[in-house]
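# Structural characterization, general
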Amino acid sequence: MNGLRVSERSEALRYSVAVGSVALSLLARTALDPVLQDELPFVTFFAGIAAAAWFGGLGPSLLSVALSFVAAEWFFIGHGRAQFLATPHDFAMAGCYFLVAAIIVFLSNAMHKARECAASRQAEMEREIGKRRRAEVELRGAQDELEYRIRKRTAELSAAMEAQEAEKKALAHKSAELERSNAELQQFAYAASHDLQEPLRMVANFTQLLAERYSSRLDDDGREFIAFAVGGAVRMQALIQDLLAYSRVGARSKSFEPVDCNEAFGRAVSNLYASIGESAALVSHDELPVVQADATQMVQVFQNLVGNGIKFKGADPPQVHVSAVRKDDDWVFSVRDNGIGIEPRYAERIFVIFQRLHRPEDYPGNGIGLALCRKIVERHGGEIWLESQPGQGSTFFFSIPVDGQRTRIGEREAGK
Ligand code: ADP
């Protein structure tokens, strides 16, 4: 038989084969009849049944069993008599026949089932294999896509990182350059003001000597000119002193230590003793904290701010009050006065070196004090600012970090 399964063949063909095989079995039995006579009436029919069962399946095989029985009974058992199964012998033979036929049909059917089962299992496996292959192909595609994306993203990231690295390097280079030029400038300012001191002292001393020794020989104009020269030299000495102090803030400062601000304030006030006395100023303070700082510089800040509060007084005797409050990680100090006040638009400008809002004739000074304060406060990691209105006094604020941690700039400079 060919490889087709029973269910794949047409019904007509299967039943035709059943009928045909019964006919062939009949012919064969007839041909053998002279030899067999009454013996084995069903023998050839079993072959027909087997062929029908194998080729046609259950239905055609049952049909062939029935047809074979009728044909065998008619032609070879009863020999054309009207009554089927007349004798017990007939019944016995029929019983045997049906038993053997049933075995043939059953076996053949079981074999078909097994075959179909195996075939369907194989088909199922093939489907499964096909599915897996497709899934594998899809997976490989997805993997390739993923790898491509990862490569692309990695390339983008490394390009971005390279760019960032280059930017960082450029920035570091610039900042090193800036630091170097700042240090140079500071060194220059320090050296210039330091070296100027000596010749200036000579000018001041000798003009004073000139005034003392020769003023009797000079006329009024001469004496006035010498007085101008002496005054100029003294002012210049003060200016150079302040400049030196300013350039020293970063260049030659001590490292930070715990500083009791009450003491620093006290020293500032005693330095201002003369001007406080002259102007009958009232200088007061609340309890001040201990901070991590450069003690000398804290005195300078208090001295400049309190000094300004006294110097820029209004009509009333000056009153200056210093206090401090804790705000997050900072101590915020305030120096409040009742003086002439400042227009808010100058609030930034006055912290720039040599920037003054008044003529020296009205209020003496050289415009370095607040710049010096800012430099000192920033060195300590803090900030300085003010609140003021003309005629209503001024309050200068400055902050100093509580734990002295934000003092990197100052420490770096101090380490030089
Ligand atoms: P100087 O006191 O030598 O003029 P500063 O740097 O200390 O220099 O101050 C800059 C300017 O800021 C001053 O000339 C003054 O115009 C203004 N200023 C500073 N402190 C006060 C103050 N307490 N009240 C009013 N104006 C002030």
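Values in this document were obtained by computation on a predicted structure and should not be read as measured data.

### Let's talk about the overall build of the protein
Assigned secondary structure in the protein consists of ten helices and seven strands. Judged by the C-alpha coordinates and their principal axes, the protein covers about 185 × 40 × 35 Å. By residue count, 29% of the 416 residues in the protein fall in the buried class. Counting contacts in the protein only where the partners sit at least 6 residues apart, residues at least 24 apart contribute 71% of the total.

### Here we look at the domain arrangement of the protein
Parsing the protein into structural domains produces domain 1 (6-133) and domain 2 (253-414). Each of domain 1 and domain 2 has a C-alpha centre, and these two points are 123 Å apart.

### Quick word on helix α1 (residues 11-36)
Here α1 spans 35 Å end to end across 26 residues, near enough to the 38 Å set by a 1.5 Å rise per residue. By the largest-angle criterion, T30 marks the main kink of α1, which is about 30°, and a proline, P34, follows within four residues. Considering only its buried residues, α1 is in contact with α2 (43-56) and α3 (58-77). Note on α1: the residue one or two positions beyond its end, Q37, has a positive phi of about 55°.

### Let's talk about the nonpolar core
In terms of nonpolar packing, the biggest core is built from 42 residues, with F302 and V306 touching the most fellow members. At the level of elements, α5 (220-251), α6 (261-271), β3 (290-293), α8 (295-311), β4 (319-327), β5 (330-337), α9 (369-379) and β7 (394-401) are the ones that each hand at least two residues to this core. Here this core takes seven residues from α8, the largest share from any one element. Apart from residues lying up to four places away in sequence, V306 is in contact with A268, V269, L272, V283, V320, V322 and V335. Formed by 23 residues, the second largest nonpolar core is a distinct cluster that contains A51, W54, F76 and I104.

### Regarding the pairing of β7
Of the strand pairs in this sheet, β5 and β7 are connected by seven bridges, and their pairing is antiparallel. When the sheet's bridge partners are listed, V335 is paired in β7 with F396. In the sheet, strand β6 (residues 384-388) pairs with β7 via five bridges, with the strands oriented antiparallel. The residue bridging W385 from the neighbouring strand is F397, located in β7. The loop that links β6 with its antiparallel partner β7 comprises five residues; one of these, G391, has a positive phi angle of about 80°.

### Concerning the sheet that holds β4
Read from one edge of the open sheet, five strands run β2-β4-β5-β7-β6, paired in mixed fashion. Each edge of the sheet is formed by a strand with only one pairing partner; in this case those strands are β2 (282-285) and β6. Recorded for the sheet is a direction-independent mean angle of 20° between the axes of neighbouring strands. Summarising the sheet, β4 and β5 pair through eight bridges and their orientation is antiparallel. By the bridge assignment for β5, R326 is matched with W331.

### Focus: the confidence of the model for the protein
Per-residue confidence for the protein gives a mean pLDDT of 88; residues scoring 70 or more make up 94%. Low pLDDT, under 50, characterises residues 407-416; the predicted model gives this stretch 15 contacts beyond four residues in sequence or across chains.

### As for the site of the ligand
Inspection of the region around the ligand gives 20 residues, with N308, L357, G365, G369 and L370 positioned closest. Of all the secondary structure elements, the ones that give two or more residues to the shell around the ligand are α8 and α9. When grouped by side-chain class, the residues that make up the shell around the ligand number eight nonpolar, ten polar and two charged.

### Considerations on the packing of α2 against helix α4 (residues 88-214)
At a closest axis distance of 9 Å, the pairing of α2 and α4 adopts a crossing angle of 25°. Considering their axes alone, α2 and α4 lie roughly parallel with respect to each other. Handedness of the α2/α4 crossing: right-handed. Facing F46, I49, A50, A53 and W54 of α2, the residues of α4 in contact are V100, A101, I104, V105, S108 and N109. Classifying every residue of the contact of α2 with α4 by side-chain character gives nine nonpolar, two polar and no charged.

### A few points about unusual backbone geometry
Leaving glycine out, the prevailing phi sign among residues is negative, and the prevailing peptide bond configuration is trans. Phi at L40 takes a positive value of approximately 40°, unusual for a residue other than glycine. When you line up the elements, L40 lands in the loop between α1 and α2. In this model, F354 sits at a positive phi of 70°, which is unusual for a non-glycine residue. Tracing the chain through its elements places F354 in the loop between β5 and α9.

### Comments concerning α8
Taking 1.5 Å of rise per residue, 17 residues should cover 24 Å, and α8 covers 24 Å from first to last C-alpha, within 8% of that figure. Burial of α8 is extensive: 15 of the 17 residues sit out of reach of the surface.

Cut-offs applied
- Residues numbered from 1 in each chain as written.
- Predicted model: local features only at pLDDT ≥ 70, side-chain atom pairs only at ≥ 80, totals over all residues.
- Helix = DSSP H or I, 4+ residues; strand = E, 2+ residues; numbered from the N terminus.
- Buried ≥ 20, exposed ≤ 12 C-beta atoms within 10 Å, placed from the backbone.
- Contact = placed C-beta atoms within 7 Å.
- Domains from an automatic or database assignment.
- Expected span 1.5 Å × (residues − 1).
- Bend = angle between axes of the 7 residues up to and from the residue.
- Core = buried A, V, L, I, M, F, W, Y, C linked by C-beta atoms within 7 Å.
- Pairing = 2+ DSSP bridges.
- Axes fitted to C-alpha atoms, helices over the stretch in contact; angles between N-to-C directions.
- pLDDT = per-residue confidence, 0-100.
- Near = placed C-beta within 6 Å.
- Nonpolar A, V, L, I, M, F, W, Y, C, P; charged D, E, K, R; others polar.
- Parallel < 35°, antiparallel > 145°, perpendicular 65-115°, else oblique.
- Left-handed = near helix turned anticlockwise from the far one by under 90°.

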